[in-house]
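Per-entry structural report
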Amino acid sequence: MSVVVYTYDWLPEFPRGFVRDLRVRWALEEIGRPYEVATVPVYPKSDAHWAIQPFGQVPIIEDGELTLFESGAILLHLAEGTPLLPPGRRAEVTQWLIAALNSVEVASSGWMGMVLAERMPDVFGPPSTQEAVEHARRNMMGKLDAVEKLMADRDWIAGVFSAADIIMVDVLRIPEAEGQLSSYPALTGYVARATARPAFKKAMADHMAHWQAADVARDANASA
Ligand SMILES: N[C@@H](CCC(=O)N[C@@H](CS)C(=O)NCC(=O)O)C(=O)O
């Protein structure tokens with residue numbers, strides 16, 4: 001049965017490649033489940049969107065009768081009964097998936113939010129002080145240090161490739177894109193290994209194609 005993945009109808013260039021529908025697409029590609037994409041307007045957000053995501057965010061999925069939000073919950077649901085949640089490693093995979101979201105992503109989003117506020121004050125401002133940005137960066141580095149140590153002697157965070165790797169690597173892609181992984185060889189290798197997977201490449205290509213099609217539709221609307 002096909003899954004429906006919701007993302008935005010359009011977004012500007014800067015978040016493309018990092019919108020969290022990507023992690024859902026990646027998981028679906030890994031397990032070979034067909035899916036279709038539906039959209040919600042990014043602005044203004046619709047009542048229909050708020051009705052299925054109380055924070056007005058994406059991703060959201062529909063899987064038969066079930067509607068789910070929160071990328072971690074979505075991944076755990078999709079992984080059930082598949083190699084992404086290997087029998088015997090359920091607790092460990094869940095632990096690392098939650099650590100990726102609740103420890104690493106919380107820290108990196110805090111820092112990234114401040115960087116964006118500096119870069120685009122009209123959208124994300126007001127900017128924080130340099131001391132606050134540096135404090136947030138050190139907090140993120142503390143989390144990266146811990147995962148770096150761990151990944152020095154393993155390929156995948158829970159021993160075999162799992163849903164936890166999809167979330168952890170997708171989280172790490174932001175500090176990597178911002179040049180923050182240069183002193184972390186194990187994390188750099190981990191991200192490279194995971195993103196070399198055919199499922200990631202397909203998910204990313206389809207994710208980017210979605211935004212290109214969204215530009216075309218927007219241009220056509222503007223000139224109509
Ligand atoms: N904890 C949520 C975060 C979702 C999230 O931040 N989504 C972003 C797109 S990647 C969003 O919709 N942002 C718009 C907003 O927060 O208003 C998850 O993992 O699903």
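So, how was this worked out
Residues numbered from 1 in each chain as written. Predicted model: local features only at pLDDT ≥ 70, side-chain atom pairs only at ≥ 80, totals over all residues. Heavy atoms only, no water. Helix = DSSP H or I, 4+ residues; strand = E, 2+ residues; numbered from the N terminus. Rg over C-alpha atoms; globule rule 2.2 N^0.38 Å. Buried < 20%, exposed > 50% of the residue type's maximum accessible area, 1.4 Å probe, protein only. Contact = heavy atoms within 4.5 Å. Areas by Shrake-Rupley, 256 points an atom, 1.4 Å probe, with all protein chains shown as cover. Pairing = 2+ DSSP bridges. Axes fitted to C-alpha atoms, helices over the stretch in contact; angles between N-to-C directions. UniProt positions renumbered as here; feature names shortened; annotations may be inferred. Patch = residues over 30% accessible without salt bridge, like charges linked within 9 Å, V, L, I, M, F, W, Y side chains within 5 Å. Salt bridge = Lys/Arg side-chain N within 4 Å of Asp/Glu carboxyl O.

1. Brief notes about the overall build of the protein
What the protein contains, in helices and strands, is nine helices and four strands. Ordered by position from the N terminus, the helices and strands of the protein form the series β-α-β-α-β-β-α-α-α-α-α-α-α. Taken over C-alpha atoms, the radius of gyration comes to 18 Å for the protein, in line with the 17 Å a tight globule of 224 residues would show. Counting across all 224 residues of the protein, residues that qualify as buried make up 45%. In the protein, the proportion of contacts linking residues at least 24 apart, taken out of those at least 6 apart, comes to 72%. If you sum the accessible surface of the protein, you get close to 11,000 Å²; carbon and sulfur atoms cover 57% of it.

2. Notes on the sheet that holds strand 3 (residues 60-63)
The mixed open sheet is built from four strands, whose spatial order is 2-1-3-4. The open sheet has two edge strands, strand 2 (35-40) and strand 4 (66-69), and neither has a second partner. Strand after strand, the sheet turns through a mean of 25° between neighbouring axes, direction not considered. As judged from the three bridges shared by strand 1 (residues 3-8) and strand 3, these two strands associate in the antiparallel manner. Considered in strand 3, the bridge of Val5 is made with Ile61. Lying on the sheet, helix 3 (residues 71-79) is in contact with strand 1, strand 3 and strand 4; it crosses strand 4 at an angle near 135°.

3. Considerations on the UniProt feature "domain: GST C-terminal" (unreviewed entry) in the protein
As recorded in UniProt, the feature "domain: GST C-terminal" (unreviewed entry) lies at residues 86-216. In residues 86-216, the share of helix is 77% and the share of strand is 0%. The end C-alpha atoms are 41 Å apart.

4. Notes on a nonpolar patch on the surface
Together, Phe14, Val123 and Phe124 make up an exposed nonpolar region whose accessible area comes to about 270 Å². By the element assignment, Val123 lies in helix 5 (residues 121-124). With a relative accessible area of 57%, Val123 lands in the exposed category.

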